[in-house]
Amino acid sequence: MRRFSALYLRTVLVLAALSAAVPFLRAQGDAVLTHYWAVPTYYNPGAAGDTDNIRLRGGMRMQWVGIDGAPRTFLAAADMPFRFLGKRFGTGVVIQQESAGLFRNLTASAQIGYKFKALKGEFTGALQVGFFNEQFKGSEVYIPDDDDYHDGTDDAIPDRDVAGNAFDLGVGFYYVHKRFKAGISLLHANNPTVTFTSENSTTAGTGGSDETAKKYQFTARRSLYFTAEGNIPIKNTLFEVIPSLLVRSDFTFTDVAVTGRVRYKKLFTAGIGYRHDDALSLMLGAELKGIFIGYSYDYHLSDIAKASSGSHEIFAGYNLKLDFSEKNRNKHKSIRIM
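Because the structure is predicted, anything quoted here is derived from the model rather than measured.

Colleague: Would you take a moment to explain the overall build of the chain for this structure?
Modeller: A count of helical and extended segments in the chain gives two helices and 18 strands. The 338 residues of the chain split such that 42% are buried. Here the contacts in the chain between residues at least 6 apart in sequence split such that 57% fall between residues at least 24 apart. When the accessible surface of the chain is split by element, carbon and sulfur atoms take 61% of a total near 18500 Å².

See the structure below:
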């Protein structure tokens, strides 16, 4: 275990050292969630308001349990539909905090989408705007004396905590039919890049030399997502099958996840999932009176399974039904008793 933890730390340090040779260090981007189907707005702003509910979701992912510095992700999302000037819209917010080794990132985004009917379903075109915050805990860098790979005084590795923000932009298109949903989105469309200077350096214009200023850049990769989900009732039973798919690409690497769930009486759900060259997943869920809770376990298929007992996720949420019928458009009640 110690050997693997040391290897993980060395990997983080190697990535940091790369910033001396290339202008950008690629920061950890969006989390790979087994519950991707439960938080569709996390991957596609066009999914905001895809039901007639106020939908609240929150949860966490504990990845590679047993490995020091392994990724931990916390996520909260809320969305709802609304009408304005006779048109139908969707809106939502997504907040994510993730840690991995000495890196920390935080994203917060607001979403707005316009909806219209076509092809026996509803299309949504949406925009997402927010900010991306990246931190590197340089104060926690530790290089053993017998390390043959790194120099403890390497200027490419910040020796103090550094952090910065960048504007983040995304777009999405989503289609909802009676029996399926599908969408495509582009997140981090502007390749948000955080640029900052180590606190112990002197930047130009402060009376110091430009040569002493050590600048670092962290970039969230532009990512393309495709999601799809079906709903297949099993005739003459209280069961339904819910297949789903997630494909993502940062234009260098492509990941694919497929999931098959069975739901009973729209209350209890069990399923399995597979992420290509990564993990097999088992999941359980329940939804009662609008309250949702779900759990999943990932068994990893790579050599990382030798050092980790797997990954866990737990999500919970609440759905509040909205009524957009004509009879309730102008209806209201007074609490005054005449």
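Colleague: Just checking my understanding: could you explain a nonpolar patch on the surface for this structure?
Modeller: Together, Ile-234, Leu-238, Phe-239, Val-262, Tyr-264 and Phe-268 line one region of the surface with nonpolar side chains, adding up to about 530 Å² of accessible area. Summarising the element assignment, Ile-234 is placed in the loop between β12 (232-233) and β13 (239-249). Judged by relative accessible area, which is 37%, Ile-234 ranks as partly exposed.

Colleague: Explain the packing of aromatic side chains here, please?
Modeller: Each aromatic ring pair is described using two quantities: the centre-to-centre distance and the angle formed by the ring planes. Considering all chains together, one arrives at 12 aromatic pairs under this definition. Centre to centre, the rings of Tyr-43 and Tyr-225 are 5.1 Å apart; their planes meet at 50°, and the pair counts as tilted. Taken together, the residues Tyr-43 in helix α2 (residues 40-43) and Tyr-225 in strand β11 (residues 223-230) connect sequence positions 182 residues apart. On the accessibility criterion, Tyr-225 (2% relative accessible area) is buried.

Colleague: Would you explain the pattern of salt bridges in this entry?
Modeller: In a structure, side chains of opposite charge can pair up when their charged atoms sit close to one another. Taken as a whole, this structure holds 16 salt bridges when the rule is applied. Where Arg-55 meets Asp-50, a salt bridge forms, and the shortest distance between an N and an O atom there is 2.8 Å. Notably, a salt bridge pairs Asp-52 with Arg-88, separated by 2.9 Å at the nearest N-O pair. Placement of Asp-52 in the loop between α2 and β2 (53-62) and of Arg-88 in strand β4 (residues 87-100) is noted, with a sequence separation of 36 residues between them. Classification of Asp-52 by relative accessible area gives partly exposed; the value is 28%. Ionic contacts of the salt-bridge type, sharing partners, join the residues Arg-61, Arg-275, Asp-278, Asp-298 and Glu-313 into one network.

Colleague: Can you help me understand the nonpolar core in this one?
Modeller: When a protein is soluble and globular, its nonpolar side chains tend to lie buried together. The biggest cluster of nonpolar side chains holds 18 residues, and the ones touching the most others in it are Leu-33, Tyr-42, Tyr-43 and Leu-75. Secondary structure elements with two or more residues in this core: α2 and β3 (72-84). Filtering out sequence-adjacent residues up to four positions away, Tyr-43 remains in contact with Ala-31, Val-32, Leu-33, Tyr-36, Ser-185, Leu-187, Tyr-225 and Leu-246. Among the nonpolar cores identified, the runner-up in size contains 11 residues, and Leu-102, Ala-166, Tyr-216 and Ala-220 belong to it.

Colleague: Honestly, the pairing of strand β17 (residues 291-300) in this entry has me stumped. Any pointers?
Modeller: On a regular strand, each side chain points to the face opposite its neighbour's, so the side chains alternate between the two faces of the sheet. Burial along β17 is one-sided: the residues Phe-292, Gly-294, Ser-296, Asp-298 and His-300 are buried and none of Ile-291, Ile-293, Tyr-295, Tyr-297 and Tyr-299 is. Note that strand β16 (residues 279-288) and β17 share 10 bridges and pair antiparallel. Bridge pairing links Gly-285 to Gly-294 in β17. What sits between the antiparallel neighbours β16 and β17 is a turn of two residues, in which Lys-289 has the positive phi angle 50°. Bridging between β17 and strand β18 (residues 311-321) involves eight bridges; their strand directions are antiparallel. What sits directly across from Ile-291, in β18, is Tyr-318.

Colleague: Hey, could you run me through the pairing of β3 in this one?
Modeller: Bridge analysis of β2 against β3 gives eight bridges, and the strand direction is antiparallel. Bridge pairing in β3 places Arg-55 opposite Asp-79. Hairpin connection from β3 to β4: two residues lie between these consecutive antiparallel strands, with Leu-85 at a positive phi of about 55°.

Colleague: Where do I start with the environment of Ser-302 in this structure?
Modeller: With respect to the helices, strands and loops of the structure, Ser-302 is situated in the loop between β17 and β18. Taking the C-alpha atoms as reference points, Ser-302 and Asp-277, separated by 25 residues in sequence, lie 7.0 Å from one another.

Colleague: Can you walk me through the environment of Gly-172 in this structure?
Modeller: Along the polypeptide, Gly-172 turns up in strand β7 (residues 162-176). Using a relative accessible area of 0% as the deciding quantity, one classes Gly-172 as buried. Distance in space between the C-alpha atoms of Gly-172 and Ala-47 is 8.1 Å, their sequence separation being 125 residues. Residues contacting Gly-172, with those up to four places away along its chain left out, are Asn-44, Pro-45, Gly-46, Thr-124, Gly-125, Ala-126, Ile-184 and Ser-185.

Colleague: Even after reading the chapter, I still don't get unusual backbone geometry, so can you show me in this structure?
Modeller: In most cases, non-glycine residues show a negative phi, while peptide bonds are predominantly trans. Positive phi outside glycine occurs at Leu-85, with the angle close to 55°. Position of Leu-85 among the secondary structure elements: in the loop between β3 and β4. A relative accessible area of 73% places Leu-85 in the exposed class.

Colleague: Quick question: what am I supposed to make of the confidence of the model for the chain here?
Modeller: Fine structural detail should not be taken from predicted coordinates in areas where pLDDT scores are low. On average, residues of the chain score 84 in pLDDT, and 78% of them reach the 70 mark or higher. Predicted confidence is poor over residues 1-26, with pLDDT under 50, and the contacts of this stretch with residues over four places away or in other chains come to 49 contacts. The low-confidence segment residues 332-338 (pLDDT under 50) makes zero contacts with residues lying over four places distant or belonging to another chain.

Colleague: Whenever I open this one, the environment of Ile-112 confuses me. Can you help?
Modeller: With respect to the element layout, Ile-112 can be found in strand β5 (residues 103-118). In this structure Ile-112 comes out as partly exposed when scored by relative accessible area, which is 39%. It is 9.6 Å that separates the C-alpha atoms of Ile-112 and Pro-81, two residues lying 31 residues apart in sequence. Ignoring sequence-local partners within four residues, the contact set of Ile-112 consists of Phe-82, Gly-90, Thr-91, Gly-125, Ala-126 and Leu-127.

Here is what the cut-offs are and how they apply
- Residues numbered from 1 in each chain as written.
- Predicted model: local features only at pLDDT ≥ 70, side-chain atom pairs only at ≥ 80, totals over all residues.
- Heavy atoms only, no water.
- Helix = DSSP H or I, 4+ residues; strand = E, 2+ residues; numbered from the N terminus.
- Buried < 20%, exposed > 50% of the residue type's maximum accessible area, 1.4 Å probe, protein only.
- Contact = heavy atoms within 4.5 Å.
- Areas by Shrake-Rupley, 256 points an atom, 1.4 Å probe, with all protein chains shown as cover.
- Patch = residues over 30% accessible without salt bridge, like charges linked within 9 Å, V, L, I, M, F, W, Y side chains within 5 Å.
- Salt bridge = Lys/Arg side-chain N within 4 Å of Asp/Glu carboxyl O.
- Phe/Tyr/Trp six-rings, centres within 6.5 Å; stacked < 30°, edge-to-face > 60°.
- Core = buried A, V, L, I, M, F, W, Y, C linked by side-chain atoms within 4.5 Å.
- Pairing = 2+ DSSP bridges.
- pLDDT = per-residue confidence, 0-100.

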